[in-house]
Amino acid sequence: EDQVTQSPEALRLQEGESSSLNCSYTVSGLRGLFWYRQDPGKGPEFLFTLYSAGEEKEKERLKATLTKKESFLHITAPKPEDSATYLCAVRSGNTPLVFGKGTRLSVIA
Amino acid sequence: DTGVSQDPRHKITKRGQNVTFRCDPISEHNRLYWYRQTLGQGPEFLTYFQNEAQLEKSRLLSDRFSAERPKGSFSTLEIQRTEQGDSAMYLCASSPMGAGELFFGEGSRLTVL
């Protein structure tokens, strides 16, 4: 059974204080690892897809990386508007996405 | 272009009542998914359709839950005889066939009193 574990559960940063969120996964044959952002009371918003170890994707202050066992979402010089819950999900075979519980990020001005 | 649309956004009901949620996917997306999310948890898969065919259902989907996607366009998720444990955000997502990423709607929040 596919499993996704995200850490930490919550992270509080000062504005401009860079950090990383972790997503560890166990799947039988990774067909994609996905990062989403979710604001309170809203649906998840797609950020990145990573397919193979060594792959990196960037968007503004966010960079996602992938190894054979985990993915990192690096946040460089965050701003208060980056505050949200960040969700990681995996797909193996033709199965639907399996999500982790997310990391709640708060960026304080 | 509009994204995935869900209705209603909020529903408060009494235990034992039936509720129905509607999802309109992004046009030309032939896959449609229903997920459920409770506070502090990630979305949990319920069921998905490819066109009008329901291809997979989670063990989470009890017989009180039924989903349809007539004509492969919009979908409905009905919950019969609601229980307090059904209180959650019900998320709909769509994707074109072959794509990995899902595009979610804003969700329908259900509160069962």
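As a reminder, the structure under discussion sits directly above these lines.
Residues numbered from 1 in each chain as written. Chains lettered and ligands numbered in written order. Predicted model: local features only at pLDDT ≥ 70, side-chain atom pairs only at ≥ 80, totals over all residues. Heavy atoms only, no water.

Undergrad: Help me understand the side chain of N30 of chain B, please; the structure alone is not making it clear to me.
TA: With respect to the secondary-structure elements, N30 of chain B resides in the loop between β3 (19-24) and β4 (31-37). Excluding its chain neighbours within four sequence positions, the residues that come into contact with N30 of chain B are F49, Q50, N51, R69, S95, P96 and M97 of chain B. (Helix = DSSP H or I, 4+ residues; strand = E, 2+ residues; numbered from the N terminus. Contact = heavy atoms within 4.5 Å.)

Undergrad: Can you walk me through the interface of chain B and chain A in this structure?
TA: Think of interface size as the accessible area that goes away when the parts come together; that is how it is often given. Counting residues at the interface gives 22 residues for chain B and 19 residues for chain A. For the chain B and chain A pair, buried surface summed over both sides reaches about 1,600 Å², with 51% attributable to carbon and sulfur atoms. Taken together, chain B and chain A are joined by 0 salt bridges. Our enumeration of links across chain B and chain A arrives at 7 residue pairs in polar contact (both at pLDDT 80 or more). Of all the secondary-structure elements, those providing two or more residues to the side of chain B that touches chain A are β4, β5 (44-50), β9 (88-95) and β10 (103-104) of chain B. Examining the composition of the side of chain B that touches chain A, we find that 3 residues originate from one element, β4 of chain B, more than from any other. (Buried area = accessible area lost by both parts, 1.4 Å probe. Salt bridge = Lys/Arg side-chain N within 4 Å of Asp/Glu carboxyl O. Polar contact = N/O pair within 3.5 Å; in protein donor to acceptor, adjacent residues only side chain to side chain.)

Undergrad: Looking at this structure, how should I read the packing of aromatic side chains?
TA: Pairs of aromatic rings are described using the distance from one ring centre to the other and the angle between the two planes. Here the structure, examined in full by the defined rule, presents 12 aromatic pairs over all chains. Arranged with centres 5.8 Å apart and planes meeting at 70 degrees, the rings of Y36 of chain A and F46 of chain A form a pair that is edge-to-face. Here Y36 of chain A, found in strand β4 (residues 30-38), pairs with F46 of chain A, found in strand β5 (residues 45-50); they are 10 residues apart in sequence, far enough to count as distant. Overall, the relative accessible area of 22% leaves F46 of chain A in the partly exposed class. An aromatic cluster is defined as three or more aromatic residues linked by ring pairs; in this entry it consists of Y36, F46 and F99 of chain A together with Y33, Y35, F45, Y48, F103 and F104 of chain B. (Phe/Tyr/Trp six-rings, centres within 6.5 Å; stacked < 30°, edge-to-face > 60°. Buried < 20%, exposed > 50% of the residue type's maximum accessible area, 1.4 Å probe, protein only.)

Undergrad: Would you mind showing me how to read the state of the cysteines here?
TA: What we call a disulfide is simply a covalent bond connecting the sulfur atoms of a pair of cysteines. Enumeration according to the criterion identifies 2 disulfides over all chains in this entry. Two residues, C23 of chain A and C88 of chain A, share a disulfide whose sulfurs are 1.9 Å apart. In this structure, the disulfide formed by C23 of chain A and C88 of chain A twists by about -65 degrees around the S-S bond and is classed as left-handed. Taken as a pair, C23 of chain A in strand β3 (residues 19-26) and C88 of chain A in strand β9 (residues 84-92) lie far apart in primary sequence, 65 residues in all. Comparing C23 of chain A with C88 of chain A, the two get one shared label, buried. With a sulfur-sulfur separation of 1.9 Å, C23 of chain B is cross-linked through a disulfide to C92 of chain B. On the sign convention where negative means left-handed, the S-S torsion of about -70 degrees between C23 of chain B and C92 of chain B marks this disulfide as left-handed. (Disulfide = S-S within 2.5 Å.)

Undergrad: Could you clarify how one ought to interpret the pairing of strand β8 (residues 75-79) of chain B in this entry?
TA: Regular strands place their side chains on alternate faces of the sheet. All names here are of chain B. Among the 5 residues that make up β8, 4 are buried, leaving the element largely enclosed by the rest of the structure. By the bridge criterion, 5 bridges tie β3 to β8 in an arrangement that is antiparallel. Residue T20 lies in a different strand from β8, and its bridge partner there is E78. Taken together, strand β7 (residues 65-68) and the strand that follows it, β8, pair antiparallel across an intervening segment of 6 residues, in which K71 is found at a positive phi of about 65 degrees. (Pairing = 2+ DSSP bridges.)

Undergrad: What am I meant to see in the pattern of salt bridges here?
TA: Oppositely charged side chains may form a pair once their charged atoms are brought near each other. Per the stated rule, a full pass over the model turns up 7 salt bridges over all chains. Taking the shortest distance from any N to any O, the salt bridge between R37 of chain A and D39 of chain A comes out at 3.0 Å. For E83 of chain B, the salt bridge identified is with R64 of chain B, shortest N-O distance 3.4 Å. Separated by 19 residues along the polypeptide, E83 of chain B in the loop between β8 and β9 and R64 of chain B in the loop between β6 (53-57) and β7 bring together distant segments of the chain. Under the relative-accessibility criterion, E83 of chain B is labelled partly exposed at 41%. Three or more residues are tied together by salt bridges with common partners; here these are R64, E83 and D86 of chain B.

Undergrad: Help me understand the nonpolar core in this model?
TA: Grouped burial of nonpolar side chains is what soluble globular proteins tend to show. By size, the foremost hydrophobic cluster in this structure holds 22 residues, and its most contacted members are L33, W35, L73 and Y86 of chain A. Counting only elements with at least two residues in this core, the list comes to β2 (10-14), β3, β4, β5, β7 (62-66), β8 (70-75), β9 and β11 (103-108) of chain A. Looking at which element gives the most residues to this core, the answer is β9 of chain A, with 4 residues. Here L33 of chain A is in contact with C23, Y25, F48, T49, L50, L66, S71, C88, A89 and V90 of chain A, once residues within four sequence places are set aside. Of all hydrophobic cores here, the second largest spans 19 residues; its members include F21, I26, L77 and C92 of chain B. (Core = buried A, V, L, I, M, F, W, Y, C linked by side-chain atoms within 4.5 Å.)

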